[in-house]
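Working through the structure, step by step
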Amino acid sequence: MNNLKDFYFNGYSTGKFKPSDVSSRLDECLQNIHNKNLKPGFAFKQKYQFSEDLRPNVYEYDDVFLDILFDNNIPKTIKSCLGYNLCLAHVQLRVAYPFKDTPESSYMEWHRDTHFYNNKLGGNAPPVYKLIYYPELNNVQEVPLMLASTTHLSILKDREQDYKQISEAKIEKVKTGSYIFFNTALFHSTLPSHKNGTMRIIYNFCLPQQLTNYRENTKLHKKYLERCVNG
C-alpha cells in the first residue's frame, strides 16, 4: 500500500530523525534537560501521577524543538500520510517515572484520546494527531509506547465492548530513538518507565478550525505557519 492507504488502515507511521547538526543540537538540549540543567524561567511541574511536564512553554525553551520538524520534512510527511496539511497546536516535553509500589504500571494505560461512550463525546472530534519522539537517554533502548493498529476505525459506544477490540488488534511497540505519528482515536498505552525517567516530546497537530481549542499557544501557531510558508 502507499502512504495514504497504509496510514488510513493502520492509523500510524513510524520514523527516525536523520543525523544532522539540528539533531545533535536536540540531543544536547534533551540531555541537559534530562540532567535537570534547565534554563532560567523553566521548571518541571506535575500534570499526571508519576510524570512531569516542562513549563511554561517547550517551544520557547529552544528553537530546536521546531527546527527538528523542518529538518526532517515532518510537514511533508504528515501530508503524505493524510493527503492534507495540519497545524501544530501544542508541544509538550514530558518525563514519566516508575510507580513506587507497582513499577509494572504506567501513567496512561490503554485509552483513546477521542471516544464516544454512552453517547457522550470525550476528546476532540475529529480526532487530532500526535507525533511523539522518544529520545534514548538512559543508555538502554526502551519500549515506552504501544498501539492497537486499526482500532481508530471502530469506535464503539459501549466501553467494555470497545476495549475488547484491543485483544484482537495487531500491537505495535515503539522504541526509544524513534518517533511515531498517529491518529489519537487509536487505542494506545504508555509502558513502565526507566528508573531515571523516560522522556518524550509530544507534538499535537490539528485542523485549522480546531486551533481555537489551543488559544494559549497562539505564538506557536504563528511560528509554525511562518516556517511552513518560508521553509
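With respect to topology, seven strands assemble into an open sheet ordered β1-β10-β7-β12-β4-β3-β2, the strand pairing being antiparallel. Both outer strands of the open sheet, β1 (12-15) and β2 (43-46), are each paired with one neighbouring strand and no more. For this sheet, the mean angle separating the axes of adjacent strands, direction not counted, is 25°. Taken together, the six bridges between strand β7 (residues 129-134) and strand β10 (residues 178-183) define a ladder with antiparallel strand orientation. Pairing of tyrosine 134 across the sheet is with serine 178, part of β10. Its contacts with the sheet put helix α4 (residues 64-71) on β4 (87-96) and β12 (198-206), and the angle it makes with β12 is roughly 70°.

Right, let's get into helix α2 (residues 21-34). Under the 1.5 Å per step criterion, the end-to-end length of α2 is 20 Å for 14 residues, consistent within 8% with the ideal 20 Å. Buried within α2 are the following residues: Val22, Ser23, Leu26, Cys29, Leu30, Ile33 and His34. Seen along its axis, α2 keeps its buried residues to an arc of 135°; they face one direction. Set apart from the buried face of α2 by more than 90 degrees, the exposed residues are Asp21 and Glu28. A side-chain oxygen of the first residue of α2 lies 3.3 Å from the backbone nitrogen of valine 22; this N-cap is serine 20. Downstream of α2 by one or two residues, lysine 36 has phi in the positive range, about 65°.

Applying the stated rule across the entire model yields 12 aromatic pairs. An angle of 80° between the planes, with centres 4.8 Å apart, marks the rings of phenylalanine 42 and tyrosine 61 as edge-to-face. With a gap of 19 residues between them, phenylalanine 42 in the loop between α2 and β2 and tyrosine 61 in helix α3 (residues 58-61) connect regions that are remote in the sequence. In this pair, the class of phenylalanine 42 matches that of tyrosine 61, namely buried. Residues tyrosine 129 and phenylalanine 181 carry aromatic rings whose centres are separated by 5.7 Å and whose planes lie at 20° to one another, so their mutual orientation is stacked. Remark: phenylalanine 181 occurs in strand β10 and tyrosine 129 occurs in strand β7; sequence separation between them is 52 residues. With relative accessibility at 10%, the residue tyrosine 129 sits in the buried group. Cluster of aromatic residues (ring-pair linked, three or more members): Phe7, Phe70, Tyr129, Phe181, Phe205 and Tyr224. The ring of phenylalanine 44 carries the charged tip of lysine 36 above its face, separated from the ring centre by 4.8 Å.

Burial along strand β8 (residues 145-148) is two-sided: Leu145 and Leu147 and Met146 and Ala148, pointing in opposite directions, are all buried. Where β8 and strand β11 (residues 188-190) come together, three bridges link them in antiparallel fashion. Considered in β11, the bridge of leucine 145 is made with threonine 190.

Before going further, it helps to spend a moment on the packing of α4 against helix α7 (residues 218-230). Where α4 meets α7, the axes come as close as 11 Å, and the angle between the chain directions of the two elements is 30°. Two packed elements cross with a definite hand, and for α4 against α7 that hand is right-handed. Two secondary-structure elements touch here, α4 through Leu66, Asp67, Leu69 and Phe70 and α7 through Leu220, Lys223, Tyr224, Arg227 and Cys228. Taken together, the residues that form the contact of α4 with α7 break down as six nonpolar, no polar and three charged.

Definitions and cut-offs
Residues numbered from 1 in each chain as written. Predicted model: local features only at pLDDT ≥ 70, side-chain atom pairs only at ≥ 80, totals over all residues. Heavy atoms only, no water. Pairing = 2+ DSSP bridges. Helix = DSSP H or I, 4+ residues; strand = E, 2+ residues; numbered from the N terminus. Axes fitted to C-alpha atoms, helices over the stretch in contact; angles between N-to-C directions. Contact = heavy atoms within 4.5 Å. Expected span 1.5 Å × (residues − 1). Buried < 20%, exposed > 50% of the residue type's maximum accessible area, 1.4 Å probe, protein only. Arc of directions from axis to C-beta. Polar contact = N/O pair within 3.5 Å; in protein donor to acceptor, adjacent residues only side chain to side chain. Phe/Tyr/Trp six-rings, centres within 6.5 Å; stacked < 30°, edge-to-face > 60°. Lys NZ or Arg CZ within 6 Å of the ring centre and 35° of its normal. Left-handed = near helix turned anticlockwise from the far one by under 90°. Nonpolar A, V, L, I, M, F, W, Y, C, P; charged D, E, K, R; others polar.

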